[in-house]
Each structure stands twice: as structure tokens, then as C-alpha cells.
Amino acid sequence: MNEFKFIDHPADIAVEVKSDSIEGLFKISAEAWKISALEEFTAANCVEMKFELKDNSLEGMLVGFLSELNYLLYVKSFVFVSVKSLSLLTSDNYLLKAELNFEEYNTKKHIFKEEIKAVTFHQMEIEKINNIFCTRIIFDI
Amino acid sequence: MNIKGYEINQIDEMLWEIPIQGEMKVPGRIYASKDMIYNSIQNDDAVKQVVNVAHLPGIMKYSLAMPDIHWGYGFPIGGVAATSVDDGVISPGGVGYDINCGVRLAGTSIDYNRSKNKIQKLVEELFRGVPTGVGSKGAIKKLSKDELKRILVKGSQWAVENNFGTEEDITFTEEHGKLIDTDTGSVSEKAIERGLDQAGTLGSGNHFLEIDYVEKVYDAAAAEVFGLFEGQIVILIHTGSRGLGYQVCEDYLKLLVNDSKKYGFNLPDRQLACAPVKSEAGQNYLSAMKCSANFAWNNRQIIMHLAKEIMKKVLSISDRELGFRLIYDVCHNIAKIENHVIDGKMETVCVHRKGATRAFPAGSDEIPERYKNIGQPVLIPGDMGRYSYISVGTQRAMDETFGSSCHGAGRLQSRHMALKEGEGRNLIDELNKRGVIIQAKGYKTIAEEMPFAYKNVSEVVNVMHCAGISTKVAKLKPVGVIKG
């Protein structure tokens, strides 16, 4: 299972994400971010980028991961397309390693839906309930 | 009465108190009418956030909320809290992601009735000439990192030195458009990168540039001093520190979430992450916040100058005929080190204003000489179809709210609900019928920002007026709007 659902929020974008694995939760969160930020598009010429992030909490890791997608879009003009691979290791801290596909930003193809100012920690609690990982994510717009 | 499990008592016509409960360090106080309390506030989790803020180490007197209170991240929007600089904390959640989001009001000598037929053209040219929307680039070429760092130190002085305005504009900007004691090393490379091509950009969402006219003057003496008259065309600009500020908040929230544990803070909400004001982390955040605030002031200075030049061109008039003048510029997302009298003693505190505006009274050293006999202008934007207001700060604000007032209306509907409500309607036509001409990057933005999506700012302003915190000077009616 990998799913997300947008829920009503007075000012910003709120989404509930679920997956049967923690890695899946990160992947589906990235999809939710993409749909919030951009109108649908068909990817063509992808470039692969490697991510390596460390954090001492899963929530911090998720905020960091999605914030990186934000940064790459608004500053480096690379549009997130899909996750090729993602692993999350835990020892003293959490270590995320991922390979993601991106496209170079094209004004005619990639239409902004909302400007995501930031990925917030608000109401973010990654829980495992009945073997399903879930959390709420709120994007400040 | 009881709201969301918290006892709350009415102690004055427009003032409600949440007595100390649980681990609150101070009481909570909310400025609101009875109608607001019973119809909207009691259904909003913002009351819980007022209670949460009261847990902050070193918080003094009260955890406050203005009548535009609604749910935010950490602090409620409309939240004000002062912490001791000696043993209290500074919290990015008490400032917000859009550091120094604020409002600027400029007056002209132009009468609306004589320029009505030019509003359409003005809106078109302003939309063309002022960068708006997601991903918009600045009116100036992409800055070098060194140049951007100069802006982070100089604030709106940079804009004036680069021919985007005059020295007089600096005088009529809160803090003279620049917070001092900044260290650009406290701003991350990512934040710097986000700001490089955003100087002089409006942004999107609820940011706007409006052409208004003064529909009504309530306080003739104050209006005269501020340079306002009925029928006058004015320009209202609402924007902030753009991606640079958002990144600074994000960077420091992440850092301070961990630091809170280091200091042994037991906070009810992660977004209240904080550090002692005097700690290295606290001082670094304060510095980065100041840098972001300076970027925002520079931003509004550039945009105002662009608007002025466009007006001259469209109206085919000279500087002197236009009579363009900055009335004031206020921030409504900021933390500042200020001196306030608390229990009869002068204390130095860190005042957090999150969706709240400074409202200093007559006689304050911090306000322009010209306004010293009247008090500081308080600029309160409403939605794009109804009204905005200018009020003036009072001594009562200094006594009760650390010299703070409300900042705007607050949303009534989510963006999703507003889009649904707007379905099948010709919203541009509806605005036209209200006398408002609009240009926006997308129809979706118009739908999300329609008047029906917002609370009525008149009610918010009236609470502050009746409570004696900031008293009404004039009411503005929008006639032209540009949005990103």
C-alpha cells in the first residue's frame, strides 16, 4: 500500500500519507509534494541524482528530504520526477540514501501550482499502526 | 467558559483570559469580541496554541493573541509573546516562515475620481512591471552573493543607494528599514541562493500590490499628519522575505528542534523549538532573522519604487504632480529586542510578533519625528474586495500588549473550499462589480483569494479600536489589485 490523501486546511496544504514500509512512506510523500507544487506533466529526459541525508529523527529526515526537493526546484531548477531507489538505515541516527530522477525545469512544461514556502513539522508524527506507516505533512504556502 | 478543554474568562468587553493551567508559566489573553469567541475562535485549535506559547521559558506577563487569531505553526497567527533576554528564549515559530512579511503604504496627491479611467491601465502596467508569482525573477539582474550579503546588512538602504527610492523613505520605515548587528555568516548558503534572484519580487499566495483610495477618515488630526485625505489614491504592498526568509526559518527550526532537548526544554509543540536568547544558537538565529528582515524591507522598497515609476508613466505626470510619499512600512512577522515596563520595572525583552503589528504610541523614540505627536501608523490589510485600514498605536498597547496590534483578516475558508465556492462563477466579473480591477498569474489565485475566503477585517480592527490598542484613522477601498 502506498497512498496519500489531501485534507482540508484553512491556509496551507495538508496531506495524509500511508505506506506499508517506511521507505514507501518517503516515496509517496515525495509524490504528494510533487502534486502539490506542480501541475501534472510527462517526464522525458531525466537525470539521476544521489541523495544522502542524516538526521536523528524520522520526522526530521522526512522534512529534510522534502525540503531538498523544494530547494532543487526553486533554486536549482530541477523538477523531481520519481524515486529510483531509497533506503533508510538506522543506527545511532537515521541515514537515507536515495537515487532520484529529475528533469530540468521547463517553463512551458512544468507549471507551478502553488509555491511551497516550506515543509513544516506541524502535526507530523510518523506512526506505525497495524503495520502501516502513516503521517500528516503540512506544506506552508 | 471552556474552549477545547481550557478555562477561559471574559475580563473586559474585548478581552478574554486563560488562567494559568497545567504547566503554563503565564496566563493567556485573547483580544476578541464575544461573537468571535463563540462563532470562530472556540472551534479553532489556536486557543491551544496560546496555551502552548505560555510554556516558553522566560515568557513574561502573558501569552497574547490579537483578534485575527487563527491556527499557525507553533505560535498562533496573531500571537505575541515577550521573553526575557536574560533567561528567556527566542523561537523561530514566534516569527514565522515569512520573516518580516509586512505591509507598506504610500500616498499620492492623486484623487481617485479624477483618475478612475486610468486604473485599468495602471493595473496592467503594474502587473507587467512588478515581478509576481512563483519563480518570478527580480526587477534587477541576479545578484552576486556579495551584493546580496550587502542587502542583508543594509536593508532598504541598499535600494536607496541603487536608485530605488530616497532617504526620506528610510525615515518612514519601521527600524529605518534595517535591523543592526547582523552577521551574514548566520545565513546558510541555501538561503543565500534562494534570495539571489528574488530581490524586488512580490511572490504569490496572499501577497499583493493594491491601488486603493481613502474611502473614509475617522481621525482627521491623525490623517492630516499621516498625509491622508478622503478620495486619495494610495498604494498598498504586502510581501516579505521570499525564499531567503523561508529557508532561514527552516534551517533554524531544524537546528533548534535538537537544541531544545539539549537545554532540557519540555515544550508541548515541536514548532515552538527555541534556544536561550543569549546562547550561540539563539544569537545566530536572531542574526539570520535580522538579515532576512533586511532583505524583506529592501524588497518592499524596490517594489514601491517600481510602482511609483509606473504610475508617473501611465498618468503622464511628474514627481511633483504625483506627490508620491511613503507613509509607513510595518512588519508583522518578527522578533525584536525591546524595552518594556513590566510590573513597574523596565525590562529588556525579546518580543515575538507572529501575524501581529507593532503599535507604538505618541512620544516613542522609534517613530518618525513627524508622527511623534500622534503615534505610529498601524497598517492592516483586509481582502481584495472589501477594505484595509490604517490605525494608530496607543499607550494602552504599550501597557497591555508590548506595543502590538492585529495584522489582517485571516482566512475563513481553506483554499480548496474557496476553489469549490468559486466554481462556475465569473470571479473577475464579480470583483469588477465591486469596483476592483484585478490581474493575477492564474485564475486559481483569484479564486483562493476572493473576499468570501476571508474573515471581515473590519471586525478585527474594531476590536482593537474598542479595546483602545490601536484606534482607527482611515479606511481604504481597493480599486486595482495585482497578485502572483
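Residues numbered from 1 in each chain as written. Chains lettered and ligands numbered in written order. Predicted model: local features only at pLDDT ≥ 70, side-chain atom pairs only at ≥ 80, totals over all residues. Heavy atoms only, no water.

### Digging into the interface of chain A and chain B
In step 1: Taken residue by residue, the interface counts 33 residues in chain A and 31 residues in chain B.
In step 2: Interface of chain A and chain B: buried area, both sides summed, is about 2,900 Å²; carbon and sulfur atoms make up 50% of it.
In step 3: Broken down residue by residue, the surface that chain A buries against chain B is led by A:Glu115, A:Lys117 and A:Phe121, which jointly contribute 24%.
In step 4: For the interface between chain A and chain B, the tally reads six salt bridges. (Contact = heavy atoms within 4.5 Å. Buried area = accessible area lost by both parts, 1.4 Å probe. Salt bridge = Lys/Arg side-chain N within 4 Å of Asp/Glu carboxyl O.)

### Digging into unusual backbone geometry
In step 1: Residues other than glycine seldom take positive phi values, yet A:Gln123 does so here, at roughly 60°.
In step 2: Position of A:Gln123 relative to the elements: it lies in the loop between strand S6 (118–119) and strand S7 (127–129).
In step 3: Here B:Glu175, not a glycine, exhibits a phi torsion of approximately 60°, which is positive.
In step 4: Tracing the backbone shows B:Glu175 in the loop between helix H7 (167–171) and helix H8 (189–195). (Helix = DSSP H or I, 4+ residues; strand = E, 2+ residues; numbered from the N terminus.)

### Overview of the sheet that holds strand S3 (residues 47–55) of chain A
Residues and elements named next belong to chain A.
In step 1: Taken in spatial order, the three strands make up an open sheet running S3-S5-S4, and their pairing is antiparallel. Only two strands of the sheet have a single partner each, and these edge strands are S3 and strand S4 (78–90). Neighbour-to-neighbour, the strand axes of this sheet turn through a mean angle of 20°, independent of strand direction.
In step 2: Pairing geometry for S3 and strand S5 (residues 94–104), over nine bridges, is antiparallel. Among the inter-strand pairings, Asp55 is bridged to a residue of S5, identified as Tyr94.
In step 3: Relative to S4, helix H1 (residues 22–37) is tilted by about 160°, and along the sheet it contacts S4 and S5. (Pairing = 2+ DSSP bridges. Axes fitted to C-alpha atoms, helices over the stretch in contact; angles between N-to-C directions.)

### Observations concerning the side chain of A:His122
In step 1: Tracing the sequence through the fold places A:His122 in the loop between S6 and S7.
In step 2: Given the relative accessible area of 4%, A:His122 is considered buried.
In step 3: Look past the residues within four positions of A:His122 in its chain and what remains in contact with it is A:Ile138, B:Gln49, B:Trp71, B:Gly72, B:Tyr73, B:Gly74, B:Asp269 and B:Gln271. (Buried < 20%, exposed > 50% of the residue type's maximum accessible area, 1.4 Å probe, protein only.)

### Digging into the nonpolar core
In step 1: Core analysis: the biggest nonpolar cluster contains 157 residues, and B:Ile30, B:Leu209 and B:Leu228 have the highest contact counts within it.
In step 2: A total of 17 residues in this core trace back to one element, the largest contributor, which is helix H11 (residues 280–315) of chain B.
In step 3: Residues contacting B:Ile30, with those up to four places away along its chain left out, are B:Ile8, B:Met14, B:Leu15, B:Trp16, B:Ile18, B:Ile41, B:Val47, B:Val50, B:Ala65 and B:Ile69.
In step 4: Ranked by size, the runner-up nonpolar core spans 60 residues in total, among them A:Ile13, A:Met49, A:Tyr71 and A:Val83. (Core = buried A, V, L, I, M, F, W, Y, C linked by side-chain atoms within 4.5 Å.)

### Here's the deal with the confidence of the model for chain B
Reading fine detail from the predicted coordinates is not recommended where pLDDT is low.
In step 1: A residue-level look at chain B finds 99% of positions with pLDDT of 70 or above and a mean pLDDT of 95.
In step 2: Taken over the whole predicted complex, pTM reads 0.96, whereas the ipTM for its chain interfaces reads 0.91. (pLDDT = per-residue confidence, 0-100.)

### A look at the packing of aromatic side chains
In step 1: With the rule as written, the count across this model stands at 15 aromatic pairs over all chains.
In step 2: Here B:Tyr328 and B:Tyr371 contribute two aromatic rings whose centre-to-centre distance is 6.3 Å and whose plane-to-plane angle is 65°, an arrangement assigned as edge-to-face. Here B:Tyr371 lies in the loop between strand S16 (357–358) and strand S17 (377–380) and B:Tyr328 lies in strand S13 (residues 325–331), a separation of 43 residues in the sequence.
In step 3: Owing to a relative accessible area of 0%, B:Tyr371 belongs among the buried residues under this scheme.
In step 4: Feature note: the residues A:Phe26, A:Phe51, A:Phe65, A:Phe80 and A:Phe102 constitute an aromatic cluster, connected by ring pairs.
In step 5: We note B:Lys61 situated over the ring of B:Phe402; from NZ or CZ to the ring centre the distance is 5.8 Å. (Phe/Tyr/Trp six-rings, centres within 6.5 Å; stacked < 30°, edge-to-face > 60°. Lys NZ or Arg CZ within 6 Å of the ring centre and 35° of its normal.)

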